[in-house]
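Results of the structural survey
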Amino acid sequence: MRLPEEVCVLGLSLLAPALLYTMNNVPALQGPLLILGIGMAVLGSVLLLLLLLTTPHKKTVDPLFYVFAELSFTCLVGLTNALEQDGFISGFMSFYLKMGEPHLSTAYAVMMSYWEGIVHFVLFLTIIHRMFRGKCYRSLALFWVGSSIMHQLVHIPGVVVGKHGSNIHPAFWRNIPFFLAPFWAATILFSRSREMPIIPADRIAAEQKKSLLSRPLELQLAVLLLAGVAVSVFRGFVVLDCPLDFCFKYLYQFEPYLKDPVAFPKVMMLVYLFYAVPLLTVFIYGLIRPGCGWMLDWTVFFAGATAQAQWCHIGASLHSRTPFTYRVPSDKLWSVITFNILLAVVPALLALHCHNNAAYFMKPVPHGQMDSNKKKK
């Protein structure tokens, strides 16, 4: 009896901690170039094993399977790092932090590793399970794509421009294929047509005739998205050292983590400013203008990006590895946490609303076609 693909992927992924433990206790394997070489060789071996396990049994395999399965292995590397940095385990990562990627000991990287090792890993196993059973996994994959792209857009520039930029070892460049993989996956997913729910044409027409003012939920979402635009612009100005008094007060009295020299929070706010603001703006347009079918995919993508970003940002601003002067002040703790949670919750609510009210976002049916359909009935 052949094991399910997700079980095979899980088994291969569990080899990651064993490999780290071995390398951590064998000094001959700890050279900077050797670490990079071993890492790439292991990833190549995992890919070869996946090909051998799946090709004989399946005539065609979705190419995204190999991306998800390969990255599942690295998820357990991230989880091992997070657990060791927080003192739950030891003896796995010290060599890699010294000669590989020293920035992985920062608070942001620890929270990033937890997200990768738990959320991404569960997503991968679920997607693979659904993939080989012919079930739809598009939304789960798009959530991961958004999360992973946000991860890479903050992670790689943050290392280069932050305080760890002068201590980059060869192993850091292993992140290049991980940077490219989600963009390639996004290209494949967005090029595939989405399976739309079957909704009567007259219901679609009735929904799309309503103005924004007659749809209170959509109106509230539009207002919240507009607030998100304002917040993203404001925090972008804050990290760009805006001299205005209220920017200065916010930086020192509410979120001093934004000036942490690791540079991850600064890069994240700039990503929000230059990428999230345009997306939020077009989402407001999509709530006003009926028939914007792209909202069904892009809202899921954006929900994944903001969930990952806010998890890392909130966690790092409170983590013990962040210097005390950069942590959220105790008297502003709950207001700052609530504020940042809302920045992740609102995009998730928008994506859920689009999924549950797809009729408004579907392409309108021409009147002639709608009348002919009624005559046939």
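Residues numbered from 1 in each chain as written. Predicted model: local features only at pLDDT ≥ 70, side-chain atom pairs only at ≥ 80, totals over all residues. Heavy atoms only, no water.

**Quick notes on the packing of helix α1 (residues 5-13) against helix α4 (residues 63-85)**
When two helices pack together, their arrangement is given by the angle between their axes and by how far apart the axes lie. The geometry of α1 relative to α4 is characterised by a closest axis approach of 8 Å and an angle of 35° between their N-to-C directions. Considering how the two elements wind past one another, α1 and α4 form a crossing that is right-handed. In this structure, α1 contributes Glu5, Val9, Leu12 and Ser13 to the contact, and α4 contributes Phe65, Ala69, Ser72, Phe73 and Leu76. Here the residues of the contact of α1 with α4 sort into 6 nonpolar, 2 polar and 1 charged. (Axes fitted to C-alpha atoms, helices over the stretch in contact; angles between N-to-C directions. Helix = DSSP H or I, 4+ residues; strand = E, 2+ residues; numbered from the N terminus. Left-handed = near helix turned anticlockwise from the far one by under 90°. Contact = heavy atoms within 4.5 Å. Nonpolar A, V, L, I, M, F, W, Y, C, P; charged D, E, K, R; others polar.)

**Looking at the side chain of Thr106**
Take Thr106: it is sitting in the loop between α5 (94-99) and α6 (107-131). Assessed through its relative accessible area of 9%, Thr106 is described here as buried. Contacts of Thr106, omitting those with residues within four sequence positions, involve His164, Val262 and Phe264. (Buried < 20%, exposed > 50% of the residue type's maximum accessible area, 1.4 Å probe, protein only.)

**Quick notes on the confidence of the model for the chain**
With 95% of its residues at a pLDDT of at least 70, the chain reaches an overall mean of 91. Low confidence marks residues 370-377, where pLDDT is under 50. Its contacts with residues over four positions away, or in another chain, come to 5 contacts. (pLDDT = per-residue confidence, 0-100.)

**Observations concerning the state of the cysteines**
Here the structure, examined in full by the defined rule, presents 0 disulfides. Between Cys8, a cysteine without a disulfide, and Cys75, which holds the nearest cysteine sulfur, the sulfur-to-sulfur distance is 17 Å. Cysteine Cys75 remains unbridged, with the sulfur of Cys312 as its closest cysteine sulfur at 13 Å. Classification of Cys75 by relative accessible area gives buried; the value is 1%. (Disulfide = S-S within 2.5 Å.)

**Here's the deal with the pattern of salt bridges**
Note on pairing: side chains with opposite charge can pair once their charged atoms come close. Evaluated as defined, the whole model comprises 10 salt bridges. With a shortest N-O distance of 3.5 Å, Glu207 and Lys210 are connected by a salt bridge. Taking the relative accessible area as the measure of exposure, Glu207 reaches 23% and is therefore partly exposed. Accessibility expressed as a relative area gives 38% for Lys210, which makes it partly exposed. When the shortest N-O distance is used, the salt bridge between Asp245 and Lys249 registers 3.4 Å. With Asp245 and Lys249 both in helix α11 (residues 245-253), this residue pair falls 4 residues apart, about one helical turn. Each of Arg138, Arg194 and Asp297 takes part in salt bridges that share partners, so that together they form one network. (Salt bridge = Lys/Arg side-chain N within 4 Å of Asp/Glu carboxyl O.)

**Overview of unusual backbone geometry**
Where the residue is not glycine, phi is negative for most of them; where a peptide bond is considered, it is trans in most cases. The phi torsion at Asp241 lies on the positive side, around 65°, for a residue other than glycine. Positive phi outside glycine occurs at Ala263, with the angle close to 80°. Residue placement: Ala263 occurs in the loop between α11 and α12 (264-288). In this structure Ala263 comes out as buried when scored by relative accessible area, which is 9%.

**Some thoughts on the environment of Ile284**
Tracing the sequence through the fold places Ile284 in helix α12. When the C-alpha positions of Ile284 and Leu221 are compared, they lie 8.2 Å apart, and in sequence the two are 63 residues distant. Each residue touching Ile284, except ones within four places of it in the same chain, is listed here: Ala222, Leu225 and Leu226.

**Some details on a nonpolar patch on the surface**
A surface patch of nonpolar side chains, about 500 Å² in accessible area, is lined by Leu47, Leu48, Leu49, Leu51, Leu52 and Leu53. Along the chain, Leu47 falls in helix α3 (residues 32-54). (Patch = residues over 30% accessible without salt bridge, like charges linked within 9 Å, V, L, I, M, F, W, Y side chains within 5 Å. Areas by Shrake-Rupley, 256 points an atom, 1.4 Å probe, with all protein chains shown as cover.)

**What to know about the packing of aromatic side chains**
Across all of its chains, the model carries 20 aromatic pairs by this definition. Taking the centre distance of 5.2 Å and the plane angle of 65° together, the rings of Phe65 and Tyr66 count as edge-to-face. We note that Phe65, like Tyr66, is buried. Between Tyr108 and Phe264 the ring centres are 4.7 Å apart and the planes differ by 20°, which places this aromatic pair in the stacked class. Here the residue Tyr108 occupies a position in helix α6, and Phe264 occupies one in helix α12, the gap between them amounting to 156 residues. Given the relative accessible area of 1%, Tyr108 is considered buried. (Phe/Tyr/Trp six-rings, centres within 6.5 Å; stacked < 30°, edge-to-face > 60°.)

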